[in-house]
Protein chains: 2
Amino acid sequence: MTRFKAEIDVMPKKEILDPQGKAVTGSMKNLGLQAIENVRIGKHITLELEATDETAAQEQVEKACKSLLANLIMESYSFEVSAI
Amino acid sequence: MTRFKAEIDVMPKKEILDPQGKAVTGSMKNLGLQAIENVRIGKHITLELEATDETAAQEQVEKACKSLLANLIMESYSFEVSAI
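Definitions and cut-offs
Residues numbered from 1 in each chain as written. Chains lettered and ligands numbered in written order. Predicted model: local features only at pLDDT ≥ 70, side-chain atom pairs only at ≥ 80, totals over all residues. Heavy atoms only, no water. Least-squares fit on C-alpha atoms with pLDDT ≥ 70 in both. Contact = heavy atoms within 4.5 Å. Helix = DSSP H or I, 4+ residues; strand = E, 2+ residues; numbered from the N terminus. Expected span 1.5 Å × (residues − 1). Buried < 20%, exposed > 50% of the residue type's maximum accessible area, 1.4 Å probe, protein only. Arc of directions from axis to C-beta. Buried area = accessible area lost by both parts, 1.4 Å probe. Salt bridge = Lys/Arg side-chain N within 4 Å of Asp/Glu carboxyl O. Polar contact = N/O pair within 3.5 Å; in protein donor to acceptor, adjacent residues only side chain to side chain. Nonpolar A, V, L, I, M, F, W, Y, C, P; charged D, E, K, R; others polar. Pairing = 2+ DSSP bridges.

Visitor: So what about the relation of the copies chain B and chain A? Which residues, and what values?
Guide: In the superposition of chain B on chain A (RMSD 0.0 Å, axial shift 0.0 Å), the rotation amounts to 180°. What the rotation and shift describe, once combined, is the action of a two-fold rotation axis. When the interface residues of chain B are mapped onto chain A, 100% of them again lie at the interface, so the same face is used by both copies.

The following block contains the structure:
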């Protein structure tokens, strides 16, 4: 068994309005950061797992994303798995 | 002016307990994903900005992180800026 680390990003889908991101975009103007636009806010998740190989680790992370970490109706996810 | 995209990760610091991550680690067991441990949950933020060059873009993103996106007492941040 090898130990792997996964870095997962879960973001609101492009078609979905992101009110938190919109609010932050507005606040940027008040801070003098007028050049900043299109702020979108999602989740960054890190986790560790043991698996026989990288493919098995990716399958487990995929399952975790689909069943718990991302709401596939509103969010999309991407991840990278690497041995540690 | 060039247009840049920034990908920012804001994570709870290692010394800080992450109750949301702990709860998710527990739920993984119930889903048959016993191998998954040390789940930590932070924010992933994407934004776009116009700047004269990459250094100027990085400075603006740094300012945005310090003044608004991350709570430096409890969170640390990292980011990548790239031209689009």
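Visitor: Would you mind going over helix α1 (residues 19-30) of chain B in detail, with residue names and values included?
Guide: For α1 of chain B, spanning twelve residues, the distance from its first C-alpha to its last is 17 Å, which sits close to the expected 16 Å at 1.5 Å a residue. Restricting attention to buried positions, one finds in α1 of chain B the residues G21, V24, T25 and M28 of chain B. Seen end-on, α1 of chain B carries its buried residues on one side only, within an arc spanning 105°. Across α1 of chain B from its buried face, at more than 90 degrees, point the exposed residues P19, K22 and N30 of chain B. Where α1 of chain B is buried, its residues contact α2 (54-69) of chain A together with β2 (36-51) of chain B.

Visitor: An account of the interface of chain B and chain A is requested, with residue identities and associated values reported.
Guide: Each side of the interface is counted separately: chain B has 30 residues, and chain A has 30 residues. Roughly 2700 Å² is buried in total at the junction of chain B and chain A, and carbon and sulfur atoms are behind 62% of that figure. By the criterion of area lost to chain A, the three top residues of chain B are L33, H44 and L68 of chain B, representing 19% of everything that side buries. Along the contact surface separating chain B from chain A lie two salt bridges. Across the salt bridge formed by R3 of chain A and E37 of chain B, the nearest N and O atoms sit 2.7 Å from each other. Along the contact surface separating chain B from chain A lie 14 residue pairs in polar contact (both at pLDDT 80 or more). Among the elements of the structure, β1 (2-12), α1, β2 and α2 (54-69) of chain B are those that each provide at least two residues to the side of chain B that touches chain A. Tallying contributions element by element places β2 of chain B first for the side of chain B that touches chain A, with 15 residues. Tallied by class, the residues present in the side of chain B that touches chain A amount to 15 nonpolar, seven polar and eight charged.

Visitor: Describe the environment of F79 of chain B, with residues and values.
Guide: All names here are of chain B. Among the structural elements, F79 can be located in strand β3 (residues 75-83). Under the relative-accessibility criterion, F79 is labelled partly exposed at 21%. Separated by 17 residues in the primary sequence, F79 and E62 place their C-alpha atoms 8.4 Å from one another. Those residues in contact with F79 that lie beyond four places of it in its chain are E7, I8, Q58, V61, E62 and C65.

Visitor: So what about the pairing of strand β1 (residues 2-12) of chain A? Which residues, and what values?
Guide: Residue and element names in this part refer to chain A. Bridge analysis of β1 against strand β2 (residues 36-51) gives nine bridges, and the strand direction is antiparallel. When the sheet's bridge partners are listed, D9 is paired in β2 with H44. Summarising the sheet, β1 and strand β3 (residues 75-83) pair through nine bridges and their orientation is antiparallel. By the bridge assignment, D9 is partnered in β3 with S78.

Visitor: Can you break down unusual backbone geometry residue by residue, with the values?
Guide: Although it is not a glycine, N38 of chain A sits at a positive phi angle of roughly 50°. Along the chain, N38 of chain A turns up in strand β2.

All quantities given are derived from atomic positions and should not be read as evidence of function.
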